[in-house]
Amino acid sequence: MKTQIKQTIATTGKFLGQFLTLILCPLWLNADQVLLKNGSVLFGTLIRAESEIVIFETPFAGNLSINRKNIQSMTTDQSVTVLLEDGTVLPECRIVSEKDQMQIQPAGEEEISLPSADLKMINPAGWMLGEGYEWSGAARFGLDLERGGTKKDEWHLEASSTWRNLKNRYIIEGEIENEQRDGNETENNWSALLKYDRFFKGNKENYRGIKGFFESDAMADLDLRMTIGSYLGRRFFENRYFTLQAELGPVYVEEDFKTTDEDWVGLSWNIQAESGILGHATKLFLTHDGNQNLDSPDVIFLNTRIGLSFPLVDNLEASIQIDYEYESTEAEDTLDTSYDWTIGYIW
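Calculation criteria
- In every chain, residue numbers begin from 1 and rise along the written sequence.
- Local features in a predicted model are, by the rule used here, given only for residues with pLDDT of at least 70; side-chain atom pairs are given and counted only at 80 or more, and totals for whole chains, interfaces and linings are based on all residues.
- Side-chain figures throughout are based on the complete set of non-hydrogen atoms in the structure, without hydrogens or water.
- Here a helix means four or more residues in a row that DSSP labels H or I, a strand means two or more in a row labelled E, and each is numbered from the N terminus.
- Throughout, a contact is declared for two residues whenever any of their heavy atoms are within 4.5 Å.
- Whenever two N or O atoms come within 3.5 Å, that pair is a polar contact, provided that in protein one can donate a hydrogen and the other can accept it, and provided that, for residues adjacent in sequence, both atoms are side-chain atoms.
- What makes two strands pair is DSSP finding at least two bridges between them.
- A patch consists of residues exposed above 30% relative accessible area that lack any salt bridge, with like charges linked at up to 9 Å and nonpolar side chains (Val, Leu, Ile, Met, Phe, Trp, Tyr) linked at up to 5 Å.
- Using a 1.4 Å probe, accessible areas were evaluated by the Shrake-Rupley method; residue-level cover was limited to the displayed protein chains.
- Here a salt bridge means any side-chain nitrogen of Lys or Arg lying within 4 Å of a carboxyl oxygen belonging to Asp or Glu.
- For the purpose of counting charges, residues Lys and Arg are taken to be positive, whereas Asp and Glu are taken to be negative. His and the chain ends are not included.
- By convention, the point assigned to a charge is CZ for Arg, NZ for Lys, CD for Glu and CG for Asp.
- Between buried and exposed lies partly exposed: a residue is buried under 20% and exposed over 50% of the maximum accessible area for its type, with that area taken using a 1.4 Å probe on protein chains only.

**Observations concerning the environment of Arg235**
When you line up the elements, Arg235 lands in strand S16 (residues 222–238). On a C-alpha basis, the gap between Arg235 and Gln245 in space is 4.3 Å, while along the polypeptide they are 10 residues apart. Ignoring sequence-local partners within four residues, the contact set of Arg235 consists of Arg164, Arg169, Phe199, Lys204, Glu205, Tyr207, Leu244 and Gln245. In terms of polar contacts, Arg235 uses its side chain to reach the side chain of Glu238, at 3.0 Å.

**Things to note about the pairing of strand S17 (residues 242–257)**
Pairing between S16 and S17: 13 bridges, direction antiparallel. Looking at the pairing, Leu232 lines up with Leu248 of S17. Between S16 and S17, which pair antiparallel and follow one another directly, the connecting turn spans 3 residues. The turn linking S17 back onto strand S18 (residues 261–275) is made up of 3 residues.

**Regarding a negative patch on the surface**
On the surface, Glu254, Asp256, Asp261, Glu262, Asp263, Asp298, Glu325, Glu327, Glu330, Glu332, Asp333 and Asp336 cluster together to form a negatively charged patch. Contributions of two or more residues to the negative patch are made by S17, S18, strand S21 (316–328) and strand S22 (333–346). Element by element, the count of residues in the negative patch is highest for S18, at 3 residues. As for its placement among the helices and strands, Glu332 is situated in the loop between S21 and S22.

**Examining unusual backbone geometry**
Phi is positive for Asn123, which is not a glycine, with a value near 55°. Counting through the fold element by element, Asn123 comes out in the loop between strand S10 (119–122) and strand S11 (134–146). Asn123 gets classed as partly exposed once you look at its relative accessible area, which sits at 23%. With a phi angle near 55°, His280 is a residue other than glycine that sits in the positive phi range.

So yeah, pure geometry; function would need other evidence.
Take a look at the structure:
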């Protein structure tokens, strides 16, 4: 009796396997395929491929992020758009990529054979093809309340937004900070930054730009410091593991204090770095900028921020950061250090 039951189960399982194969086989035949180096084969739809990561949608596991180092070969049945490193766009293609070589079949044209290293992206976003802009940004809020021997209420709000296409980049940033101790205001400052970058034709790593930076600090009797300048910049690295860019140029600075006004010409620089080496959308970041008075080299302003951000849920993230603000004037030198914890929304 037990033997008959086992035979019935085995026969039923075999029948179901054959039935599912017959049902799904036509779907697999019309699907994109990825062969992994461990021998596994994935059937589905190629969503996007970059220099290091392939986003592949499967019917059973949804979207998968696969490191290209783990892929033996990749074949598309659906038409895709190919963007090469030299900027060439090949629409409506079918591709077969194996190891270090790639065959591309554009619609109605002869097959092209290229090294895999020439591939920049498959199915890039529209802005990378000259269609519209990429919009990204973040808004973060931090709050620090202390009760005990000293009553402290501190909050700060910061926001940034960037619009970018192949030729232009527009950046807006703003920050407000306030602190009170035992009912007395100890910090009250704000700043705003406006920037425009224009990338050089045929060289997307280099760009030139103009900027306007405005700041006020009630505790320092500074009604307004206005910094206007131009600069040359370069993106040294830009990938999911590490990005680095730097800018350098002249500036005109005008300071409006409650008791006196000053203006001077100086040199300005800016460095921004970010690393995703920790994975899981966690990022290490560093920003540094400085202004130096060319007539009085001892007058210098430096701002440095070091931090770590990590995702919470959906587009919410948290960050821990340390800010250093150094000011050297003819009257005195000051260094302010602050430690902040923020929660923000990114897009």
